Amino acid sequence: MKSWVIFISVFIISLSLCISLFVIWKAGQPFADVKEKAEQLAVSEGNLKEVSDSMVYSGSTIYITVRGKDGNGEEKAVFIPTNRENLVIEEVILKNGISKQQALTVVQDEFEVKEVLHTKLGWEQDTAVWEITFLNQNDKLNYVYLLFEDGKWWKRILNL
């Protein structure tokens, strides 16, 4: 009898683990598909020659930010909206603005940052912005946005 209880317990735990992993994998699939399509579009439209990475930026409009090199070998970021009705692809040359590390330095100089959760390059109101999400020393969530071209503050959402 004891071996049956152990068998059923192990079976239920194993089944739960397998189902959980499957659900997590399926939940991320739409993001992977959208990112792959955006990368293909950036290359097919001639904005980029090769892709290094991509990320989803959710602002007033959802964009897929695709980074890579163009035909001249310059590092670029291409912003592809997920709204196919108004498909205007924006782009910036990365050397013409502040880097991710410079954006992080500006934020860390201004705030007491405990942990940076993510840093994303996105497109808002006809300009590129760095979105930096972090926890402060009081474990409060903060979103700050810096203008890509000069690193000046665009928007701050603090202590959530």
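Please refer to the structure higher up on the page.
In this report, we go over the structure that sits alongside the text. Each chain carries its own residue numbering, running from 1 in the written order of its sequence. The model is predicted, so local features are restricted to residues of pLDDT at least 70 and side-chain atom pairs to those at 80 or more, both for listing and for counting; the totals for chains, interfaces and linings are taken over all residues. Excluded from the side-chain calculation are hydrogens and water; included are all heavy atoms of the structure.

**Here we look at the sheet that holds strand β1 (residues 50-58)**
Part 1 of the reasoning: Strands pair, by our definition, only if DSSP identifies at least two bridges between them. Only DSSP runs of H or I covering at least 4 residues are called helices, and only runs of E covering at least 2 are called strands; the numbering of each starts at the N terminus. Pairing is antiparallel across the open sheet formed by four strands, whose spatial order is β1-β2-β3-β4. Edge positions in the sheet fall to β1 and β4 (90-93), since each has one partner strand and no second. On average, each strand axis in the sheet is tilted by 20° relative to the strand beside it, whichever way the strands run.
Part 2 of the reasoning: Sheet analysis places strand β3 (residues 75-81) next to β4, joined by four bridges and oriented antiparallel. Residue pairing across strands places Ala77 opposite Val92, the latter belonging to β4. Each axis is a line fitted through C-alpha atoms, taken for helices only over the stretch in contact, and angles between the N-to-C directions span 0 to 180 degrees.

**A closer look at the environment of Lys152**
Part 1 of the reasoning: By the element assignment, Lys152 lies in the loop between β7 (141-147) and β8 (153-157).
Part 2 of the reasoning: Among the residues examined, Lys152 registers a relative accessible area of 52% and is labelled exposed.
Part 3 of the reasoning: Spatially, the C-alpha atoms of Lys152 and Val129 are 9.7 Å apart, while their sequence positions differ by 23 residues. Only protein chains enter the area calculation, which uses a 1.4 Å probe; residues under 20% of their type maximum are buried, those over 50% are exposed, and those in between are partly exposed.

**Observations regarding the packing of aromatic side chains**
Part 1 of the reasoning: Only Phe, Tyr and Trp rings are paired, with Trp represented by its six-membered ring, and only when their centres lie within 6.5 Å; those with planes under 30 degrees apart are stacked, over 60 edge-to-face, the remainder tilted. Scanning the entire structure with this criterion turns up six aromatic pairs.
Part 2 of the reasoning: Measuring from ring centre to ring centre gives 5.2 Å for Phe79 and Trp123, while their planes differ by 40°; the resulting arrangement is tilted. Separated by 44 residues along the polypeptide, Phe79 in strand β3 and Trp123 in strand β5 (residues 113-124) bring together distant segments of the chain. In this pair, the class of Phe79 matches that of Trp123, namely buried.
Part 3 of the reasoning: Taking the centre distance of 5.6 Å and the plane angle of 40° together, the rings of Phe111 and Phe134 count as tilted. Highlighted residues: Phe111 in the loop between α2 (100-110) and β5 and Phe134 in strand β6 (residues 127-136), separated in sequence by 23 residues. When sorted by exposure, Phe111 lands in the same class as Phe134, which is buried.

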